[in-house]
Amino acid sequence: MAKIQPSAAVALQDVLRDGQTIAVGGFGLSGIPADLIDAVRDSGVKDLTVVSNNMGIDGKGLGVLIETGQVRKVIASYVGENKLFAERYLSGQLEVEFAPQGTLAERLRAGGAGIPAFYTRTGVGTLVAEGKPLEEFDGVTYVRERGIVADVALVHAHTADTDGNLIYRYTARNFNPVVATAGIVTIAEAELIVEPGELDPNHIVTPGVYVQRLVQASGRTKDIEQRTVRPRAEALAL
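Computed from a predicted structure; not experimentally measured.

## Re the pattern of salt bridges
Applying the stated criterion across every chain, the model contains 14 salt bridges. A salt bridge links Glu95 to Arg72; the nearest nitrogen and oxygen atoms lie 3.4 Å apart. Remark: Arg72 occurs in strand β3 (residues 71-76) and Glu95 occurs in strand β4 (residues 95-98); sequence separation between them is 23 residues. For Arg72, a relative accessible area of 37% gives the class partly exposed. Bridged by salt links that share partners, the residues Asp47, Arg72, Lys73, Glu95, Glu97 and Arg107 form one connected network.

As structure tokens, then:
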């Protein structure tokens, strides 16, 4: 079956349902599947549980789904850059499950690997461990964490082939590989799509077996979440 879809909207039109769990790659605004996120917004689905490292910023990335009220619960490790997200969480309008960043990555990886749960020392003795089973191994206490399997996974890749094999670019790789494996249905957007055989197999990060649908990413400007600059050397010399 052909994986290439004509647009993000078409790729998602028969996949999205109210109440789904959607895992989304990216870190802040780096490596986010922006076209697919916009298509989720435009679809109007609601009551979503979103699994992502964070929810972008106000008006950008996953922040657009907070603005439209389509999200019921978020599973994330960080929320500090999105003021509306914080406001709705503090007012009780949005349910948030916090997970340490490494734990969240491992929960997604475990879900994609068919591992229902695992033990970690991270979070023991804190609010993170409340209500979760504890176990002692070799005299050390661990907390049990559940793997995450999402109904839909959305990822952004730099290069793909038409079979769905994916390569990521630099730090835009971030959470995308573990998110790609954790979805029952995984949809990827890629900046460059080539024919099978054109990718070096040694460079492929996500095998195409994990990807059900693929779309060409639009040529939109990539936003920078935190821009830090310094004066040019020649300016300092003046």
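## Some words on the nonpolar core
Grouped together as the largest cluster of nonpolar side chains are 35 residues, with contacts concentrated most on Leu12, Ile22, Val40, Met55, Val71, Phe85 and Leu154. Contributions of two or more residues to this core are made by α1 (8-12), β1 (21-24), α2 (34-43), β2 (48-51), α3 (63-67), β3, α4 (83-90) and β8 (150-161). Examining the composition of this core, we find that five residues originate from one element, α2, more than from any other. Every residue in contact with Met55, bar those within four places of it in the chain, is listed here: Val50, Lys60, Leu62, Gly63, Ile66, Val71, Val74, Tyr78, Asn82 and Phe85.

## Some words on the packing of aromatic side chains
One pair of aromatic rings is described through two measures. These are the centre distance and the angle between the planes. Going through the model one piece at a time under the given rule, you end up with three aromatic pairs. With a centroid separation of 5.2 Å and 65 degrees between ring planes, the pair formed by Tyr119 and Phe137 is classed as edge-to-face. Taken together, the residues span a long stretch of sequence, with Tyr119 in strand β5 (residues 117-120) and Phe137 in strand β6 (residues 134-137) at a distance of 18 residues. Residue class for Phe137 comes out partly exposed when judged on its relative accessible area of 36%. Feature note: the residues Tyr119, Phe137 and Tyr142 constitute an aromatic cluster, connected by ring pairs.

## Digging into the sheet that holds β5
In space, the three strands of this open sheet follow the order β5-β7-β6, with antiparallel pairing throughout. Each edge of the sheet is formed by a strand with only one pairing partner; in this case those strands are β5 and β6. Averaged over all pairs of adjacent strands, the angle between their axes in this sheet comes to 40 degrees, without regard to strand direction. Contacts from helix α5 (residues 101-113) reach β5 and β7 (140-146), with the element oriented near 155 degrees to β5.

## A look at a nonpolar patch on the surface
Together, Tyr89, Leu90 and Phe98 line one region of the surface with nonpolar side chains, adding up to about 310 Å² of accessible area. For Phe98, the position within the fold is in strand β4. Take Phe98: its relative accessible area is 35%, and that puts it in the partly exposed class.

## What to know about the pairing of strand β10 (residues 183-194)
Where β8 and β10 come together, ten bridges link them in parallel fashion. Paired with Ala153 across the strands is Thr186, a residue of β10.

## Thoughts on the pairing of β3
Judged by how many residues are buried, β3 sits mostly within the fold: five of six residues are covered. Across four bridges, β2 lies against β3 in parallel orientation. For Val51, the partnering residue across the bridge sits in β3 and is Ile75. Sheet topology places β3 next to β4; four bridges connect them, and they run parallel. Counterpart to Lys73 in the pairing with β4 is Glu95.

## Description of the environment of Ile204
Within the secondary structure, Ile204 is located in the loop between β10 and β11 (213-216). Sequence separation between Ile204 and His158 is 46 residues, and the spatial gap between their C-alpha atoms is 11 Å.

## A look at the side chain of Gln20
Structurally, the position occupied by Gln20 is in the loop between α1 and β1. What makes Gln20 buried here is its relative accessible area of 10%. Among the polar contacts listed, one links the side chain of Gln20 to the backbone nitrogen of Arg17, at a separation of 2.9 Å. Leaving out residues up to four positions away in the same chain, Gln20 has contacts with Val15, Asp47, Leu48, Thr49, Asp151 and Val152.

Criteria and cut-off values
- Residues numbered from 1 in each chain as written.
- Predicted model: local features only at pLDDT ≥ 70, side-chain atom pairs only at ≥ 80, totals over all residues.
- Heavy atoms only, no water.
- Salt bridge = Lys/Arg side-chain N within 4 Å of Asp/Glu carboxyl O.
- Helix = DSSP H or I, 4+ residues; strand = E, 2+ residues; numbered from the N terminus.
- Buried < 20%, exposed > 50% of the residue type's maximum accessible area, 1.4 Å probe, protein only.
- Core = buried A, V, L, I, M, F, W, Y, C linked by side-chain atoms within 4.5 Å.
- Contact = heavy atoms within 4.5 Å.
- Phe/Tyr/Trp six-rings, centres within 6.5 Å; stacked < 30°, edge-to-face > 60°.
- Pairing = 2+ DSSP bridges.
- Axes fitted to C-alpha atoms, helices over the stretch in contact; angles between N-to-C directions.
- Patch = residues over 30% accessible without salt bridge, like charges linked within 9 Å, V, L, I, M, F, W, Y side chains within 5 Å.
- Areas by Shrake-Rupley, 256 points an atom, 1.4 Å probe, with all protein chains shown as cover.
- Polar contact = N/O pair within 3.5 Å; in protein donor to acceptor, adjacent residues only side chain to side chain.

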